[in-house]
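An overview of the molecular structure
Chain by chain, the residues run as shown.
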Amino acid sequence: MVSLPSRASLTLIFVLIGPLAALAQEPSGCDKFKWPIDRERSALTAPDRIKLVSGGELATMPTSGLTLGLVTPAEAKLPSPPERAPKEGTFAGFAKITTAPKAGVYTISLSTGGWIDVVQNGHLLKPIAFSGATDCDGIRKTMKYELAAHPFVLQISGTKEQAISIAILPAE
């Protein structure tokens, strides 16, 4: 015989889980980002974005946004395994920045949800800051990375779209 939890037990469960569910919800609206995003949002929606296929190379840092074509994770052949394994039915791709950027902090922003991996000198870089919000046209997330003056690879995975807009800009 299976015993059902008492009403008091169920109430306690909901009291304990309720705050956790609220923490899991992401902020909604452009005003919920942790820092100003106007510049990044403009770059992500600019009509003159560079178009690049997965595996493409850029000789210089883009001064505006770029659109990266994505393929299935198996077809993408990412140079490094992504830190988070892509889910079934998602897309991935990468771009190589072959000229060393000026060393410093950069924001890397995405137009839609996805996982960002930055690989420089054979090492996966950890972001120094993250901000994201739903329901903000043109931008979904932005992260800050400390880049050295060396070429790097930007890997995107786990997206639901076959193309994504990306902005890589010096942080303000």
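Structure's up top.
All values reported here derive from a predicted model rather than from experimental measurement. (Residues numbered from 1 in each chain as written. Predicted model: local features only at pLDDT ≥ 70, side-chain atom pairs only at ≥ 80, totals over all residues. Heavy atoms only, no water.)

What about the overall build of the chain?
Note the cut-off: We count a stretch as a helix when DSSP gives it H or I for four or more residues in a row; a strand needs E for two or more, and each element gets its number in order from the N terminus. Two residues form a contact once any of their heavy atoms are found within 4.5 Å. To measure how exposed things are, a 1.4 Å probe is used in the Shrake-Rupley method; for residues, cover is taken only from the protein chains shown.
What the chain contains, in helices and strands, is three helices and eleven strands. Sequence-ordered secondary structure for the chain, helices as α and strands as β, is α-α-β-β-β-α-β-β-β-β-β-β-β-β. Taking contacts inside the chain between residues at least 6 apart in sequence as the whole, the part at least 24 apart equals 76%. Surface accessibility of the chain: about 9900 Å² in total, with carbon and sulfur atoms responsible for 59%.

Description of the sheet that holds strand β9 (residues 141-147)
Here is the rule we go by: Strands are labelled as partners when DSSP assigns at least two bridges between them. Between N-to-C directions, angles span 0 to 180 degrees; the directions come from axes that are lines fitted to C-alpha atoms, helices contributing only their stretch in contact.
Strand order in the open sheet formed by six strands is β1-β3-β11-β5-β9-β8, with mixed pairing between adjacent strands. Looking at strand neighbours, the two that pair on one side only are β1 (50-52) and β8 (129-132), the edges of this open sheet. This sheet shows a mean twist of 25 degrees between the axes of neighbouring strands, independent of strand direction. Sheet analysis places β8 next to β9, joined by four bridges and oriented antiparallel. In the sheet register, A129 faces β9, and the bridge partner there is K144. Sitting on the sheet, helix α2 (residues 38-45) is in contact with β3 (65-69), β5 (104-110), β9 and β11 (163-170), with an inclination near 140 degrees to β11.

Here we look at unusual backbone geometry
Which entries qualify depends on this criterion: Buried residues are those whose accessible area, probed at 1.4 Å on protein chains only, stays under 20% of the maximum for their type, while exposed residues exceed 50% and partly exposed ones sit between those limits.
One non-glycine residue with positive phi stands out, namely N121, at about 55 degrees. Here N121 is to be found in the loop between β6 (115-120) and β7 (123-125). Of note, D135 is a non-glycine position whose phi angle comes to about 60 degrees, a positive value. When you line up the elements, D135 lands in the loop between β8 and β9. Given the relative accessible area of 64%, D135 is considered exposed.

A closer look at the state of the cysteines
Let me state the cut-off plainly: Disulfide: a pair of cysteine sulfur atoms within 2.5 Å of each other.
Taken as a whole, this structure holds one disulfide when the rule is applied. A disulfide bridge connects C30 with C136, and the sulfur atoms are separated by 2.0 Å. The sign of the 105 degrees torsion about the S-S bond sets the C30-C136 disulfide as right-handed. Of this pair, C30 sits in the loop between α1 (7-24) and α2 while C136 sits in the loop between β8 and β9, and the two are 106 residues apart along the sequence. Residue C30 is classed as partly exposed on the basis of its relative accessible area, which comes to 28%.

Quick word on the nonpolar core
Worth spelling out the cut-off: As used in this record, nonpolar core signifies buried Ala, Val, Leu, Ile, Met, Phe, Trp, Tyr and Cys residues forming a set joined through side-chain atoms within 4.5 Å.
Counting 24 residues, the largest nonpolar core has L68, I116, V118, L154, I166 and I168 as its most contacted members. Counting residues in each nonpolar core, the second largest holds nine residues, with F33, I37, A133 and I139 among its members.

A short note on the layout of surface pockets
How we decide: Buried and open spaces are told apart on a 1 Å grid over the protein atoms alone, a cavity being a set of points where a 1.4 Å probe fits but cannot get out and a pocket being an open set with protein on both sides within 12 Å along at least five of seven lines. Residues with an atom within 4 Å of a point are the lining residues. Grid points are joined across faces, edges and corners, and a volume is the space filled by probe spheres set on the points. Residue polarity is assigned by list, with Asp, Glu, Lys and Arg as charged and Ala, Val, Leu, Ile, Met, Phe, Trp, Tyr, Cys and Pro as nonpolar; anything else, Gly included, falls into the polar class.
Its volume calculated, the largest pocket comes out at about 540 Å³. What lines the largest pocket is a set of 19 residues, and nearest its centre among them are R84, G113, G114, W115 and G158. Within the residue set of the lining of the largest pocket, elements represented by two or more residues are β9 and β10 (152-159). A per-element tally of the lining of the largest pocket places β10 first, with three residues. Partitioned by chemical class, the residues of the lining of the largest pocket number five nonpolar, seven polar and seven charged.

Everything listed is a geometric property; what it means functionally is a separate question.
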